[in-house]
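# Structural features, examined
What follows is each chain in one-letter form.
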Protein chains: 2
Amino acid sequence: MQVIVPFDGETPKTRLDPVLDRRERRQFARTMLEDVLGAIRSAGGSPLVLSTTSLDIPETPVCVDDRDLSVAVNAQLRAGPGEVAVVMADLPLVTAATLERLFEREGDVVIAYGIGGGTNALVSRHPAFRVDYHEGSYHDHLANAREVDAEVSVVDSYRLSHDIDEPNDLVDVLLYGDGAAATWLRQHGFSVSSDTGRSTIQRPDPQKVD
Amino acid sequence: MQVIVPFDGETPKTRLDPVLDRRERRQFARTMLEDVLGAIRSAGGSPLVLSTTSLDIPETPVCVDDRDLSVAVNAQLRAGPGEVAVVMADLPLVTAATLERLFEREGDVVIAYGIGGGTNALVSRHPAFRVDYHEGSYHDHLANAREVDAEVSVVDSYRLSHDIDEPNDLVDVLLYGDGAAATWLRQHGFSVSSDTGRSTIQRPDPQKVD
């Protein structure tokens, strides 16, 4: 399956600013992308990175499109084959097994729950389905699918639900991740603190420069 | 399948204190319990509420045990049939379909990922497996299972991962829930705000009294 992976090559993950400087955010975003691309390939998918800036990724096609995310993804949906997946680049917990569940689920449109109401991953097999990414886009995507009479399925996956936007999202990467992103965090001093009721992230000496 | 549902009947959900007073926390905890019990029954399970205080729940056996959570659950595991599930009472997003996936998954011990490293739901089919609930208990439960040579499976479910401890956890109940807990929140003035990068909870007039 062709799998579009949108990626902000310029200023990714700005909400991680409290714990990562600009250069670190770019590095970390690349490690998450690496994890996602690896999982896609292991699940038998063919990734196509849809980046806002030019980007060199070994053995991976990159399409540069600096338009709004939804406009760029919809252009790909229009041009793509009859079956296309869109998987966000900030899902470092995804595994091949997770994506196989997504890819194999029947339905004209298959959507995975995202924490906070977003749409982290979907499959479209309907020529008229279009995306509109924003907060709470999950419910709007369900509505969009119904509007074009597409049959919708929903995938219930923790690993697909957990996108990385804010510092505390990193906790679960350390707890459940074993890929490039988890390794990068450990190498950069992050660990899990369990002093309060729920685990939190800590970094003794952030050395933020930006 | 027998399904143990631990419940704190006295001071549940203290970390929701910023948005709910004590009486409201008790009410809300009961609505979440109601949702969980309904999903268990719809999935063909037989719930047994394991409460710290006496509690009247229609047509549901309640066992009162005010000892430490792990001690109380382990007593049930020892006394129970060869196959027992433990599902936390603060999972208002669980559905029958989610629990069917949990119950049907093969393995001597089946564990669902919990956000922040906890263990929100498990199935034990191994006589020597014991629980030890605490933050980050997921990894310790995996280790416990391996110690007694139990074969472990893991269930990847967003709906089982999302337990309700802190105010922002309520966002997803409003977004994805359609049971008693979501209804209770709406009736008590909660709604989803989408002003920032991620949806947050808001309540115009909390009228907290405690």
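The next thing to look at is the environment of Ser124 of chain A. Residue and element names in this part refer to chain A. Here Ser124 is to be found in strand S6 (residues 119-124). Ser124 sits in the buried class, given a relative accessible area of 5%. As a C-alpha pair, Ser124 and Met32 span 92 residues in sequence and 23 Å in three-dimensional space. Excluding anything up to four places from it in sequence, Ser124 contacts Leu77, Gly82, Glu83, Val84, Asp108 and Phe129. A polar atom in the side chain of Ser124 sits 3.3 Å from the backbone oxygen of His126.

All names here are of chain A. In this model, Lys13 sits at a positive phi of 55°, which is unusual for a non-glycine residue. Topologically, Lys13 is positioned in the loop between strand S1 (2-7) and helix H1 (22-42). Owing to a relative accessible area of 17%, Lys13 belongs among the buried residues under this scheme.

Superposition of the two copies of the chain requires a rotation about an axis together with a shift along that axis. In the superposition of chain B on chain A (RMSD 0.0 Å, axial shift 0.0 Å), the rotation amounts to 180°. Put plainly, the chains are arranged around a two-fold axis. For chain B, the residue whose C-alpha comes nearest the rotation axis is Tyr158 of chain B, separated from it by 1.8 Å. By residue overlap, the copies meet face to face through one surface: 100% of the interface positions of chain B are interface positions in chain A.

A few words now on the interface of chain B and chain A. With 31 residues of chain B at the interface, the matching set in chain A holds 31 residues. Here chain B and chain A share an interface that buries about 2,600 Å² over both sides, 43% of which is from carbon and sulfur atoms. In this assembly, chain B and chain A are joined by two salt bridges. With its nearest N and O atoms 3.6 Å apart, the salt bridge here joins Asp156 of chain B to Arg101 of chain A. Along the contact surface separating chain B from chain A lie 18 residue pairs in polar contact (both at pLDDT 80 or more).

What counts and how
Residues numbered from 1 in each chain as written. Chains lettered and ligands numbered in written order. Predicted model: local features only at pLDDT ≥ 70, side-chain atom pairs only at ≥ 80, totals over all residues. Heavy atoms only, no water. Helix = DSSP H or I, 4+ residues; strand = E, 2+ residues; numbered from the N terminus. Buried < 20%, exposed > 50% of the residue type's maximum accessible area, 1.4 Å probe, protein only. Contact = heavy atoms within 4.5 Å. Polar contact = N/O pair within 3.5 Å; in protein donor to acceptor, adjacent residues only side chain to side chain. Least-squares fit on C-alpha atoms with pLDDT ≥ 70 in both. Buried area = accessible area lost by both parts, 1.4 Å probe. Salt bridge = Lys/Arg side-chain N within 4 Å of Asp/Glu carboxyl O.

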